[in-house]
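# Structural overview
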Amino acid sequence: MSSSETQQVGIVVERRKLNNPWQEFSWRTVALAPAIEHAAPWLVLNRSEGWTRYLAGILPILLHRTETASYRDNLGGAEPRVYVVLRADSSSDEFPYRPYLATVAPDEAQTHLENGEDVVDAVPMTGEIAAWVTSFVERHHVETAVYKRQRKPYDPRKGGPPGESS
């Protein structure tokens, strides 16, 4: 039995024109799409005045056996999410971000959000992905007891804390 599994997903990113003197466009992940093999990155899916949606690329969602508690927390929420990380890409003037990571672990997404340089968006998890993640959690999740270290009682005969002179 494998301890990890992968599923490919297409990342749909929207570029929206802003009325802002410092930033011309906003970029955000708005949906997932089926992974289309051999699709060129940044394929235009649809557009209207002021916005364009692209199939920005294909990313794997990788499930690890040791992360099942995080996946279970996500599935137990009101609306399970897939978190997509867009990373700045200075190699292209037209597309300043590239899809970097897709995950169903909220804590992993939070780590990327805290670095302040990545764009992290949460999109609704499709039923197919939810069923796959649920099956993985059911097969691999093991409850672990929370271990809390017990303090030893203070013994005045042994002296004070280390580093204190008597």
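Notes on the structure follow. (Residues numbered from 1 in each chain as written. Predicted model: local features only at pLDDT ≥ 70, side-chain atom pairs only at ≥ 80, totals over all residues. Heavy atoms only, no water.)

## Some details on helix H1 (residues 68–75)
Put simply, the test is: Under the scheme applied here, a residue whose accessible area is under 20% of the maximum for its type counts as buried, over 50% as exposed, and between as partly exposed, the area being computed with a 1.4 Å probe on protein chains only. Secondary structure counts use DSSP, requiring at least four H or I residues in a row for a helix and at least two E residues in a row for a strand, with both numbered from the N terminus. Note that the arc is computed from the directions linking the helix axis to the C-beta atoms.
When H1 is considered as a whole, its buried residues turn out to be Thr68, Ser70, Tyr71 and Asn74. Around the axis of H1, the buried residues are gathered within 160 degrees of arc, so they sit on the same side.

## What to know about the environment of Pro21
As for its position among the elements, Pro21 is in the loop between strand E1 (4–17) and strand E2 (25–33). Measuring from C-alpha to C-alpha, the distance between Pro21 and Val123 comes to 28 Å, with 102 residues separating the pair along the chain.

## Some thoughts on unusual backbone geometry
Its identity is not glycine, yet His38 carries a phi of approximately 65 degrees, on the positive side. Assignment of secondary structure puts His38 in the loop between E2 and strand E3 (43–48). You will see that Trp42, though not glycine, has its phi angle at about 65 degrees, which is positive.

## Some words on the packing of aromatic side chains
Filter applied, for reference: Here is the rule: rings of Phe, Tyr and Trp (six-membered ring for Trp) pair when centre to centre is within 6.5 Å. Planes less than 30 degrees apart are stacked, more than 60 are edge-to-face, and the remainder are tilted.
Under the criterion given, the structure shown has seven aromatic pairs. Between Trp27 and Trp42 the ring centres are 5.7 Å apart and the planes differ by 85 degrees, which places this aromatic pair in the edge-to-face class. Of the two residues, Trp27 sits in strand E2 while Trp42 sits in the loop between E2 and E3, which places them 15 residues apart along the sequence. According to the relative accessible area criterion, Trp27 is buried, its value standing at 10%. Its relative accessible area of 14% is what places Trp42 among the buried residues. Judged by centre distance (4.4 Å) and plane angle (10 degrees), the ring pair of Trp42 and Phe95 falls under stacked. Note that Trp42 is positioned in the loop between E2 and E3 and Phe95 in the loop between strand E5 (81–88) and strand E6 (97–103), a separation of 53 residues in sequence. Judged by its relative accessible area of 12%, Phe95 is buried. One aromatic cluster is present, formed by Trp27, Trp42, Tyr54 and Phe95 through successive ring pairs.

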